[in-house]
Every structure is written in C-alpha cells, then in structure tokens.
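Coordinates in review
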Amino acid sequence: MSDLTNDWLGEPGGAERPDPVQAARGHAKPALPRRFYKEAGFAEGADGFRLTLDGRPANTPARNPLSLPTRALAEKIAAEWAAQETVIDPARMPLTRLANTSIDGVAPRHAAVVEDLCAYAGTDLVAYRAGDPERLVSAQAAAWDPILDWAREIFGARVILSEGVMHVAQPPDTVRVLSEAVAAVESPFRLAGLHTLTTLTGSLLIALAVLRGRLTPAEAWDAAHVDETYQAAVWGRDADAEARLAIRRVEFEAAAELIASV
C-alpha cells in the first residue's frame, strides 16, 4: 500500500502521527498524487459522516478520522473527491482542506484559535476609514456603517472609527463582547470557517455577520473589498491582482459554505 493510501485509509493511531497543524497545511507539493480510488462516498457512524474511498473509511493527513458533522457537508466533500480526475488536486478541494484544518488544526487548539480571532476585535477593517476622496469615503460608509449598526444592536459593540491607518483603541467592553461572540462558537468546523473569513477580510465583524446570517457571502466579499473596487474603477484592473483575488475568493466562499453546511 502506498504512503498516500496509508495517509488517507490507514487506521488512526497505528504509526507515528505527524504534527497536526503542519499536516493540515501541507498540501502544496510539486507533484500532485495520482488518484488511487474509484469511488468516493461517505458512511454514517456514531461520530458523524465519514468520507469513504472505495468503501474504506478515510482519514485526514494527520490520520484522524475524516468525519463530518452533517450529511450536507459529507455530500459536498465526497463530491470534491469524486470530481478529481487522474490526480488529486487540493486546489480544487477547498472544503476538504477546511475540513482537514478543522479536525487536525482547530479541534486540538480551540482556545488558541479563539484567542487569535479575538485579536481582530481591536483592529477591525471597518473601523479604519479614508479621509478622501469623497467617492471612497461614501463607498466605505455605505458598505460598513450597516455592519456597525448591526454589531451594536446584536452584541452591544460600539466601534470607534479612525481616519487613515492610525491605530485606535477600541473600548474594552467592545473587545469583550466580540470576544465572547467568538468564544461561543463551539464547533471546530464553524470556528475554522470563521477564522478563514476573518483572516481573508481583516474584519471579525464581517465574518461574524456571515456566521450569523446578516450578510450573504457575496455581500460580505463586496464589503471587504470596497477599497479594491474603488482603486480598480479609478486606475483600471490589474490582471495579477485579479488572479490573486480570485484564488482568495474561492477560499472565502468555501469557508462560508462550510459554515452553512454545519
């Protein structure tokens, strides 16, 4: 049996286990592995819905059971595996990568991930506004002020605005209530999704708005990229920048889909 097959189909606990965070990240390799299975599916068990490859239960890269909390998510991840052709391309499997991260990286480090997210409560994108031109000022206000209103209504969070990049300290009560909102996310899958949304946008508030259903993924993406949209309108679109944004958007939408599926 190949090392790759052992990684995905071996029994957990048998061999020396790799570092879970490194395993969750270690997808980008020069040569893509060949597809080694014919059928991808899932089987319901006591711990959820486990991915199966040719009927055999699959593991994460850290050799934990690749078990999903809902049938909806299991169906989507099995579909990603079924869609692979002659090789297994992680770039075309964003939900699988997020599931691996949830299981191998977030579940055993829940408190550390919460702490990392809470840091964004004091540096949220939507608190930092342009002073000019008026067109950008108005665009930021139109996109971000409703999010601030929602955060104040739902969490009691009062966010102080700053012009430019000068750091502004947020009220301790604001940091506290937003941190409590993060800590209340118990599912490692939802927490992994929230972390991805936050790091891709620089905004915990935008990510929480997606988590809570206040914003659709498309609305959230547009809100997080007001500045880029303005710059493109003024200076024209840059092909390289657009390509990078497209890759990030795939990850963003997968994180939103993960949250919606669990």
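Residues numbered from 1 in each chain as written. Predicted model: local features only at pLDDT ≥ 70, side-chain atom pairs only at ≥ 80, totals over all residues. Heavy atoms only, no water.

**What to know about helix α6 (residues 134-155)**
An ideal rise of 1.5 Å per residue puts 32 Å on 22 residues; α6 measures up with 30 Å between its terminal C-alpha atoms. A maximum bend of about 35° is found in α6 at Trp 144, where proline Pro 146 lies one to four positions downstream. Along α6, the residues that are buried comprise Leu 136, Gln 140, Trp 144, Ile 147, Leu 148, Trp 150, Ala 151 and Phe 155. For α6, the elements touching its buried residues are β5 (128-129), α7 (172-183), α9 (204-211), α10 (217-224) and α11 (226-235). Downstream of α6 by one or two residues, Gly 156 has phi in the positive range, about 75°. (Helix = DSSP H or I, 4+ residues; strand = E, 2+ residues; numbered from the N terminus. Expected span 1.5 Å × (residues − 1). Bend = angle between axes of the 7 residues up to and from the residue. Buried < 20%, exposed > 50% of the residue type's maximum accessible area, 1.4 Å probe, protein only. Contact = heavy atoms within 4.5 Å.)

**Quick notes on the nonpolar core**
Counting residues in hydrophobic clusters, the biggest one holds 69 residues, and the most contacted among them are Phe 155, Leu 178 and Leu 208. It is α9 that provides the largest number of residues to this core, a total of 8 residues. Setting aside its immediate chain neighbours within four residues, Leu 208 contacts Trp 150, Phe 155, Leu 178, Ala 181 and Leu 194. (Core = buried A, V, L, I, M, F, W, Y, C linked by side-chain atoms within 4.5 Å.)

**Considerations on the packing of aromatic side chains**
Centre distance and the angle of the planes are the two values used to describe a pair of aromatic rings. In total, this model carries 5 aromatic pairs according to the counting rule given. For the pair Phe 36 and Tyr 37, a centre-to-centre distance of 5.4 Å together with 80° between the ring planes defines the contact as edge-to-face. Overall, Phe 36 belongs to the partly exposed group, its relative accessible area being 24%. Where Trp 221 meets Phe 252, the ring centres are 5.3 Å apart and the plane angle is 65°; that geometry is what we call edge-to-face. Placement of Trp 221 in helix α10 and of Phe 252 in helix α12 (residues 239-261) is noted, with a sequence separation of 31 residues between them. Neither Trp 221 nor Phe 252 differs from the other in exposure class; each is buried. One aromatic cluster in this structure is built from Phe 36, Tyr 37 and Trp 81. (Phe/Tyr/Trp six-rings, centres within 6.5 Å; stacked < 30°, edge-to-face > 60°.)

**Comments concerning the packing of helix α4 (residues 94-106) against α12**
Where α4 contacts α12, the axes come no closer than 9 Å and their chain directions differ by 65°. Judged by the sense of rotation from one axis to the other, the crossing of α4 with α12 is right-handed. Along the contact surface, α4 presents Pro 94, Leu 95, Arg 97, Leu 98 and Ser 102, while α12 presents Val 250, Glu 251, Ala 254, Ala 255, Glu 257 and Leu 258. Considered class by class, the residues forming the contact of α4 with α12 number 7 nonpolar, 1 polar and 3 charged. (Axes fitted to C-alpha atoms, helices over the stretch in contact; angles between N-to-C directions. Left-handed = near helix turned anticlockwise from the far one by under 90°. Nonpolar A, V, L, I, M, F, W, Y, C, P; charged D, E, K, R; others polar.)

**Let's talk about the pattern of salt bridges**
By the definition in use, this model includes 8 salt bridges. In this structure, Arg 249 engages Glu 253 in a salt bridge whose closest nitrogen and oxygen atoms are separated by 2.9 Å. Here Glu 253 and Arg 249 lie together in helix α12, a separation of 4 residues that amounts to about one turn. For Arg 249, a relative accessible area of 27% puts it in the partly exposed group. Bridged by salt links that share partners, the residues Asp 173, Arg 176 and Glu 180 form one connected network. (Salt bridge = Lys/Arg side-chain N within 4 Å of Asp/Glu carboxyl O.)

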